[in-house]
Amino acid sequence: MRIQYTTNARAEREALEKLAPPPAVVWVNEFKSEAVKPFLEQFNRAVESLQPVVPVLIDSYGGEIDTLMAMVDICRSSPKPIATVVMGKAMSAGAILLSCGWHGYRYAAPNSRIMIHDCLTVTFGKAGEIIADADEVKRLNALLYQILDENCQKPPGYFVEQVHQRGHADWYLTPEQALAHNLVNHVKIPTLQVNLSTTYEFLG
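Residues numbered from 1 in each chain as written. Predicted model: local features only at pLDDT ≥ 70, side-chain atom pairs only at ≥ 80, totals over all residues. Heavy atoms only, no water.

Enquirer: Could you give an account of the overall build of the chain, with specific residues and numbers?
Expert: A count of helices and strands for the chain gives 7 helices and 9 strands. Taken across its 204 residues, the chain has 42% of its residues classed as buried. Of the contacts made within the chain by residues no fewer than 6 positions apart, 73% connect residues no fewer than 24 positions apart. With the model as given, the accessible surface of the chain reaches about 11,600 Å², and the carbon-plus-sulfur share is 55%. (Helix = DSSP H or I, 4+ residues; strand = E, 2+ residues; numbered from the N terminus. Buried < 20%, exposed > 50% of the residue type's maximum accessible area, 1.4 Å probe, protein only. Contact = heavy atoms within 4.5 Å. Areas by Shrake-Rupley, 256 points an atom, 1.4 Å probe, with all protein chains shown as cover.)

In structure tokens form, the structure reads like this:
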């Protein structure tokens, strides 16, 4: 994401850049349990700032489902529009988080990659434990595809059918293909413009 400052005078811009806090951007690389806290801290900083949107930049191969769901719930609590931007890659959990950008605010860099697939799990233990884990994976799988359907304004079952047609293999999408499925709304990197200004008052 490009940051652009605007002001009338160069000297004024340089002075205000030193005083103004940098724009708050949420970065997502790994979906691990320890990533939830910094995600929430960055997210709250963006919400509490004067920015009109919360930019969430994603460059990830994916990771833990529980971490993803925590981030999804945080995004759903936002009082401001969320702009998700793929920078590099948004795979697995990253693709789900990408869909959490508000409609019209989902971006993919021109050379980025996106991948959607079923939940992955490896289970060991007693037969009953394996069956219980398999049922939970089915529930989570259905929930993730439901999130995609709802966020991308698609009918129920749309994305799971797309994956089924591809033999449930990893589904790689170019930015243009993601645009065709409404997973993203723009194929470009957005700009966050910061308008700086000063006022003068004479106190006689």
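The structure having been displayed, the exposition proceeds.
Enquirer: Quick one: what's the story with the nonpolar core, residue by residue and with numbers?
Expert: Counting 44 residues, the largest nonpolar core has Phe39, Val56, Leu97, Ile114 and Ile116 as its most contacted members. When residues of this core are assigned to their parent elements, the largest contribution, 6 residues, is made by helix 3 (residues 65–76). Ile114 has contacts with Val86, Ala90, Ala95, Leu98, Ala108, Trp171, Tyr172, Leu173, Ala178, Leu183 and Val184, leaving out every residue within four places of it along the chain. (Core = buried A, V, L, I, M, F, W, Y, C linked by side-chain atoms within 4.5 Å.)

Enquirer: Got a sec to walk through helix 3? Specific residues and values, please.
Expert: Side chains of residues three or four places apart in an α-helix project in the same direction, reflecting 3.6 residues per turn. Taking 1.5 Å per residue, 12 residues should reach 16 Å; helix 3 reaches 16 Å between its end C-alpha atoms and fits that length. Of the positions making up helix 3, those classed as buried are Thr67, Leu68, Met69, Met71, Val72, Ile74 and Cys75. (Expected span 1.5 Å × (residues − 1).)

Enquirer: Tell me about the side chain of Asp149, and please be specific about residues and values.
Expert: In this fold, Asp149 is placed in helix 5 (residues 127–151). One buried charged residue, Asp149, remains without a salt bridge, the closest side chain of opposite sign being Lys154 at 8.7 Å. Side-chain polar atoms of Asp149 contact the backbone nitrogen of Gly157, separated by 2.8 Å. Look past the residues within four positions of Asp149 in its chain and what remains in contact with it is Lys154, Pro155, Pro156, Gly157, Tyr158 and Phe159. (Lys, Arg positive; Asp, Glu negative; His and termini not counted. Salt bridge = Lys/Arg side-chain N within 4 Å of Asp/Glu carboxyl O. Polar contact = N/O pair within 3.5 Å; in protein donor to acceptor, adjacent residues only side chain to side chain.)

Enquirer: Describe helix 2 (residues 36–48), and please don't skip the residues or the numbers.
Expert: Between its terminal C-alpha atoms helix 2 stretches 18 Å, which fits the 18 Å expected from 13 residues at 1.5 Å a residue. Burial in helix 2 covers these residues: Phe39, Phe43 and Ala46. Seen from one end, helix 2 has its buried residues packed into an arc of 60°, which puts them on one side. In helix 2, those exposed residues whose orientation departs by more than 90 degrees from the buried face are Lys37 and Glu48. Of the surrounding elements, those touching the buried residues of helix 2 are strand 2 (26–28), strand 3 (54–60), helix 3, strand 4 (82–91) and helix 4 (93–98). (Arc of directions from axis to C-beta.)

Enquirer: Give me the packing of helix 2 against helix 3: which residues, what numbers.
Expert: One can describe the packing of helix 2 onto helix 3 by two numbers: an axis separation of 10 Å at closest approach and a directional angle of 15°. What the angle tells us is that helix 2 and helix 3 run roughly parallel. Read as a crossing pair, helix 2 and helix 3 show a hand that is right-handed. Residues Val36, Phe39, Leu40 and Phe43 of helix 2 form the contact with helix 3, whose own contacting residues are Thr67, Ala70, Met71, Ile74 and Cys75. Of the residues belonging to the contact of helix 2 with helix 3, the class tally is 8 nonpolar, 1 polar and no charged. (Axes fitted to C-alpha atoms, helices over the stretch in contact; angles between N-to-C directions. Parallel < 35°, antiparallel > 145°, perpendicular 65-115°, else oblique. Left-handed = near helix turned anticlockwise from the far one by under 90°. Nonpolar A, V, L, I, M, F, W, Y, C, P; charged D, E, K, R; others polar.)

Enquirer: Tell me what's going on with the packing of aromatic side chains, and back it up with residues and numbers.
Expert: If you walk through the whole model with that rule in mind, you get 3 aromatic pairs. Considering the side-chain rings of Phe39 and Phe43, the 6.0 Å spacing of their centres and the 25° angle between planes classify their relative orientation as stacked. Linking Phe39 with Phe43, this pair stays in helix 2, spanning 4 residues, or about one helical turn. Here Phe39 and Phe43 have matching classes, each one buried. Look at Tyr158 and Phe159: their rings are 5.2 Å apart centre to centre, the planes differ by 80°, and that puts the pair in the edge-to-face class. Across the pair, exposure class does not vary: Tyr158 and Phe159 are buried alike. Following the ring pairs from residue to residue traces out a cluster consisting of Tyr158, Phe159 and Trp171. Across the ring face of Tyr61, the terminal group of Lys89 is positioned such that the distance to the ring centre comes to 4.5 Å. In this structure, Lys154 packs its charged tip against the face of Tyr158, placed 4.7 Å from the ring centre. (Phe/Tyr/Trp six-rings, centres within 6.5 Å; stacked < 30°, edge-to-face > 60°. Lys NZ or Arg CZ within 6 Å of the ring centre and 35° of its normal.)

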